[in-house]
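A look at the structure
What follows is the residue order along each chain.
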Amino acid sequence: MDITEQIEQLEADFAELGSLLEKSERKRVQEVLKQEQKTVEKELAFKRQQKEKQARREADPSAASKAAYTVKINNYAWDQSEKFIKIYLTLKDVHKIASENVEVNFTERSFSVLVKNLDGKNHQMTILNLLFPINEKESYQKIKTDMVLIMCKKQTTKKWDCLTTVEKQLKDKDKPSVEENADPSDGLMTMLKKIYTDGDDEMKRTINKAWSESQEKKIRGEEMMDL
(Lines give C-alpha, C1' and ligand atoms only; values in the text may rest on other atoms or scores of the structure.)
Protein backbone atom coordinates (compact mmCIF):
# COMPACT_ATOMS: atom_id res chain seq x y z
CA MET A 1 0.00 0.00 0.00
CA ASP A 2 1.55 3.30 -1.08
CA ILE A 3 1.33 6.51 0.92
CA THR A 4 -1.65 7.87 -1.06
CA GLU A 5 -3.70 4.76 -0.28
CA GLN A 6 -2.67 4.99 3.38
CA ILE A 7 -3.93 8.59 3.50
CA GLU A 8 -7.21 7.59 1.87
CA GLN A 9 -7.71 4.80 4.41
CA LEU A 10 -6.98 7.14 7.33
CA GLU A 11 -9.38 9.76 5.95
CA ALA A 12 -12.10 7.09 5.68
CA ASP A 13 -11.38 5.97 9.26
CA PHE A 14 -11.58 9.56 10.49
CA ALA A 15 -14.91 10.12 8.73
CA GLU A 16 -16.39 6.89 10.07
CA LEU A 17 -15.29 7.74 13.60
CA GLY A 18 -17.02 11.12 13.22
CA SER A 19 -20.20 9.39 12.06
CA LEU A 20 -20.12 6.98 15.01
CA LEU A 21 -19.49 9.87 17.37
CA GLU A 22 -22.64 11.65 16.14
CA LYS A 23 -24.74 8.53 16.66
CA SER A 24 -23.35 7.57 20.05
CA GLU A 25 -25.24 8.61 23.17
CA ARG A 26 -23.11 7.26 26.02
CA LYS A 27 -20.41 9.58 27.34
CA ARG A 28 -17.80 6.86 27.84
CA VAL A 29 -18.20 5.66 24.26
CA GLN A 30 -17.96 9.25 23.01
CA GLU A 31 -14.67 9.77 24.93
CA VAL A 32 -13.20 6.60 23.41
CA LEU A 33 -14.21 7.67 19.90
CA LYS A 34 -12.81 11.18 20.41
CA GLN A 35 -9.48 9.76 21.60
CA GLU A 36 -9.31 7.45 18.59
CA GLN A 37 -10.13 10.39 16.32
CA LYS A 38 -7.16 12.32 17.74
CA THR A 39 -4.86 9.35 17.11
CA VAL A 40 -6.02 8.98 13.51
CA GLU A 41 -5.77 12.75 12.98
CA LYS A 42 -2.12 12.79 14.13
CA GLU A 43 -1.24 9.83 11.91
CA LEU A 44 -3.04 11.47 8.99
CA ALA A 45 -1.07 14.71 9.45
CA PHE A 46 2.21 12.77 9.55
CA LYS A 47 1.37 10.82 6.37
CA ARG A 48 0.44 14.02 4.56
CA GLN A 49 3.81 15.52 5.49
CA GLN A 50 5.51 12.37 4.19
CA LYS A 51 3.62 12.68 0.91
CA GLU A 52 4.68 16.32 0.53
CA LYS A 53 8.34 15.41 1.09
CA GLN A 54 8.05 12.55 -1.37
CA ALA A 55 6.54 14.87 -3.97
CA ARG A 56 9.41 17.33 -3.51
CA ARG A 57 11.96 14.53 -3.92
CA GLU A 58 10.27 13.30 -7.09
CA ALA A 59 10.20 16.84 -8.48
CA ASP A 60 13.94 17.21 -7.82
CA PRO A 61 15.53 13.76 -7.22
CA SER A 62 18.95 15.31 -6.67
CA ALA A 63 17.73 17.56 -3.84
CA ALA A 64 17.93 14.86 -1.17
CA SER A 65 21.45 13.81 -2.10
CA LYS A 66 22.59 17.43 -2.23
CA ALA A 67 21.18 18.20 1.20
CA ALA A 68 22.36 15.02 2.92
CA TYR A 69 25.87 13.86 3.71
CA THR A 70 26.89 10.26 4.32
CA VAL A 71 27.93 8.80 7.66
CA LYS A 72 29.26 5.31 8.27
CA ILE A 73 27.31 2.84 10.39
CA ASN A 74 29.85 1.38 12.81
CA ASN A 75 27.67 -0.06 15.55
CA TYR A 76 25.72 -3.23 14.95
CA ALA A 77 24.88 -6.51 16.60
CA TRP A 78 24.47 -9.93 15.04
CA ASP A 79 22.93 -13.25 15.90
CA GLN A 80 22.08 -16.44 14.04
CA SER A 81 19.50 -19.16 13.72
CA GLU A 82 19.85 -22.45 11.90
CA LYS A 83 18.97 -20.81 8.57
CA PHE A 84 19.86 -17.12 8.89
CA ILE A 85 22.55 -14.70 10.02
CA LYS A 86 20.77 -11.68 11.51
CA ILE A 87 22.38 -8.22 11.66
CA TYR A 88 20.71 -5.53 13.75
CA LEU A 89 21.26 -1.85 12.88
CA THR A 90 19.78 0.65 15.32
CA LEU A 91 18.73 3.86 13.52
CA LYS A 92 16.30 6.20 15.25
CA ASP A 93 13.11 6.90 13.27
CA VAL A 94 14.16 4.69 10.34
CA HIS A 95 10.64 3.22 10.33
CA LYS A 96 9.24 6.67 9.58
CA ILE A 97 10.99 7.19 6.22
CA ALA A 98 9.85 5.70 2.92
CA SER A 99 10.81 2.03 2.59
CA GLU A 100 12.51 2.70 -0.77
CA ASN A 101 15.01 4.89 1.10
CA VAL A 102 16.48 1.74 2.66
CA GLU A 103 18.60 -0.08 0.08
CA VAL A 104 20.34 -3.38 0.84
CA ASN A 105 22.43 -5.28 -1.71
CA PHE A 106 23.69 -8.82 -1.21
CA THR A 107 26.44 -10.86 -2.84
CA GLU A 108 27.54 -14.37 -1.95
CA ARG A 109 30.17 -13.08 0.51
CA SER A 110 29.07 -9.54 1.36
CA PHE A 111 26.23 -7.07 1.84
CA SER A 112 25.87 -3.29 1.82
CA VAL A 113 23.27 -1.01 3.38
CA LEU A 114 22.36 2.55 2.38
CA VAL A 115 19.70 4.44 4.33
CA LYS A 116 18.96 7.68 2.49
CA ASN A 117 17.86 11.00 3.93
CA LEU A 118 17.33 9.93 7.53
CA ASP A 119 17.54 12.95 9.82
CA GLY A 120 19.26 14.91 7.05
CA LYS A 121 21.97 12.26 6.55
CA ASN A 122 22.65 9.15 4.49
CA HIS A 123 23.77 6.16 6.58
CA GLN A 124 26.00 3.55 4.95
CA MET A 125 27.50 0.20 5.91
CA THR A 126 29.38 -2.47 3.97
CA ILE A 127 30.41 -5.88 5.30
CA LEU A 128 32.88 -7.79 3.11
CA ASN A 129 34.35 -11.30 3.32
CA LEU A 130 31.54 -13.00 5.21
CA LEU A 131 32.73 -16.11 7.01
CA PHE A 132 30.71 -18.44 4.76
CA PRO A 133 28.75 -17.90 1.52
CA ILE A 134 25.12 -16.78 1.77
CA ASN A 135 22.17 -17.23 -0.54
CA GLU A 136 21.87 -13.69 -1.90
CA LYS A 137 18.51 -14.29 -3.61
CA GLU A 138 16.83 -15.45 -0.39
CA SER A 139 18.40 -12.78 1.82
CA TYR A 140 16.34 -9.70 2.64
CA GLN A 141 15.81 -6.81 5.07
CA LYS A 142 13.07 -5.88 7.52
CA ILE A 143 12.26 -2.39 8.78
CA LYS A 144 11.28 -2.33 12.44
CA THR A 145 10.81 0.47 14.96
CA ASP A 146 14.15 2.35 15.06
CA MET A 147 15.87 -0.65 13.48
CA VAL A 148 16.90 -2.27 10.20
CA LEU A 149 17.18 -6.05 10.42
CA ILE A 150 19.36 -7.71 7.77
CA MET A 151 18.53 -11.37 7.15
CA CYS A 152 21.35 -13.24 5.38
CA LYS A 153 20.22 -16.72 4.32
CA LYS A 154 22.85 -19.35 5.05
CA GLN A 155 23.78 -21.78 2.32
CA THR A 156 24.26 -24.48 4.97
CA THR A 157 23.10 -24.84 8.58
CA LYS A 158 26.68 -24.68 9.85
CA LYS A 159 27.15 -22.48 12.92
CA TRP A 160 29.19 -19.30 12.40
CA ASP A 161 31.84 -18.47 15.04
CA CYS A 162 32.37 -14.98 13.59
CA LEU A 163 30.69 -12.74 11.04
CA THR A 164 33.70 -12.28 8.72
CA THR A 165 36.87 -14.13 7.77
CA VAL A 166 38.97 -11.25 9.14
CA GLU A 167 37.38 -11.63 12.58
CA LYS A 168 38.02 -15.38 12.39
CA GLN A 169 41.70 -14.86 11.53
CA LEU A 170 42.16 -12.45 14.44
CA LYS A 171 40.40 -14.85 16.79
CA ASP A 172 42.58 -17.79 15.68
CA LYS A 173 45.73 -15.67 15.94
CA ASP A 174 45.08 -15.10 19.64
CA LYS A 175 44.76 -18.82 20.34
CA PRO A 176 47.96 -20.48 21.67
CA SER A 177 49.28 -23.02 19.15
CA VAL A 178 49.54 -26.59 20.44
CA GLU A 179 51.25 -29.34 18.46
CA GLU A 180 49.66 -32.77 18.46
CA ASN A 181 52.57 -34.57 20.18
CA ALA A 182 53.81 -31.63 22.22
CA ASP A 183 54.46 -31.82 25.96
CA PRO A 184 51.42 -30.35 27.77
CA SER A 185 53.79 -28.34 29.96
CA ASP A 186 55.15 -26.64 26.84
CA GLY A 187 51.67 -25.39 26.04
CA LEU A 188 51.32 -24.08 29.60
CA MET A 189 54.67 -22.29 29.32
CA THR A 190 53.62 -20.72 26.01
CA MET A 191 50.40 -19.49 27.56
CA LEU A 192 52.21 -18.10 30.62
CA LYS A 193 54.71 -16.30 28.39
CA LYS A 194 51.87 -14.68 26.45
CA ILE A 195 50.12 -13.61 29.66
CA TYR A 196 53.41 -12.23 30.97
CA THR A 197 54.12 -10.31 27.75
CA ASP A 198 50.62 -8.84 27.50
CA GLY A 199 50.14 -8.25 31.24
CA ASP A 200 50.69 -5.11 33.29
CA ASP A 201 53.41 -4.66 35.95
CA GLU A 202 51.24 -6.18 38.70
CA MET A 203 50.58 -9.28 36.59
CA LYS A 204 54.30 -9.65 35.83
CA ARG A 205 55.19 -9.39 39.54
CA THR A 206 52.58 -12.04 40.38
CA ILE A 207 53.92 -14.44 37.73
CA ASN A 208 57.55 -13.82 38.81
CA LYS A 209 56.65 -14.51 42.44
CA ALA A 210 54.78 -17.72 41.55
CA TRP A 211 57.68 -18.86 39.37
CA SER A 212 60.26 -18.18 42.10
CA GLU A 213 58.22 -20.08 44.71
CA SER A 214 57.79 -22.98 42.29
CA GLN A 215 61.55 -23.15 41.66
CA GLU A 216 62.31 -23.02 45.42
CA LYS A 217 59.90 -25.90 46.08
CA LYS A 218 61.50 -27.87 43.23
CA ILE A 219 65.01 -27.33 44.65
CA ARG A 220 63.92 -28.30 48.18
CA GLY A 221 62.33 -31.44 46.79
CA GLU A 222 65.56 -32.42 45.00
CA GLU A 223 67.60 -31.80 48.19
CA MET A 224 65.27 -34.08 50.17
CA MET A 225 65.70 -36.81 47.58
CA ASP A 226 69.54 -36.52 47.87
CA LEU A 227 69.28 -37.07 51.63
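Heads up: the structure comes first, above all this text.
On a predicted model such as this, the values are computed, not experimentally measured, just so you know.

Taken together, the side chains of K27, K34, K38 and K42 define a basic patch exposed on the protein surface. Among the secondary structure elements, K38 is positioned in helix 2 (residues 27–59).

What follows covers the sheet that holds strand 3 (residues 84–90). Reading across from one edge, 2-3-8-7 is the order of the 4 strands in this open sheet, with antiparallel pairing throughout. Bordering the open sheet on either side are strand 2 (77–80) and strand 7 (134–144), each of which pairs with just one other strand. Put simply, the sheet's adjacent strands are angled 20° from each other on average, direction ignored. Both strand 2 and strand 3 contribute to a ladder of 4 bridges, which runs antiparallel. When the sheet's bridge partners are listed, Q80 is paired in strand 3 with I85.

The next subject is the pattern of salt bridges. One pass over the full model with this rule turns up 7 salt bridges. With a closest N to O distance of 2.9 Å, E11 and R48 form a salt bridge. Within this pair, whereas E11 is found in helix 1 (residues 3–23), its partner R48 is found in helix 2, the two being separated by 37 residues in sequence. With relative accessibility at 39%, the residue R48 sits in the partly exposed group. Between E103 and K116 there is a salt bridge, and its shortest N-O distance comes to 2.8 Å. Highlighted residues: E103 in strand 4 (residues 102–107) and K116 in strand 5 (residues 110–118), separated in sequence by 13 residues. With a relative accessible area of 29%, K116 lands in the partly exposed category. Residues participating in the shared-partner salt-bridge network are D161, K168 and D172.

Parameters at a glance
- Residues numbered from 1 in each chain as written.
- Predicted model: local features only at pLDDT ≥ 70, side-chain atom pairs only at ≥ 80, totals over all residues.
- Heavy atoms only, no water.
- Patch = residues over 30% accessible without salt bridge, like charges linked within 9 Å, V, L, I, M, F, W, Y side chains within 5 Å.
- Areas by Shrake-Rupley, 256 points an atom, 1.4 Å probe, with all protein chains shown as cover.
- Salt bridge = Lys/Arg side-chain N within 4 Å of Asp/Glu carboxyl O.
- Lys, Arg positive; Asp, Glu negative; His and termini not counted.
- Charge placed at Lys NZ, Arg CZ, Asp CG, Glu CD.
- Helix = DSSP H or I, 4+ residues; strand = E, 2+ residues; numbered from the N terminus.
- Pairing = 2+ DSSP bridges.
- Axes fitted to C-alpha atoms, helices over the stretch in contact; angles between N-to-C directions.
- Buried < 20%, exposed > 50% of the residue type's maximum accessible area, 1.4 Å probe, protein only.

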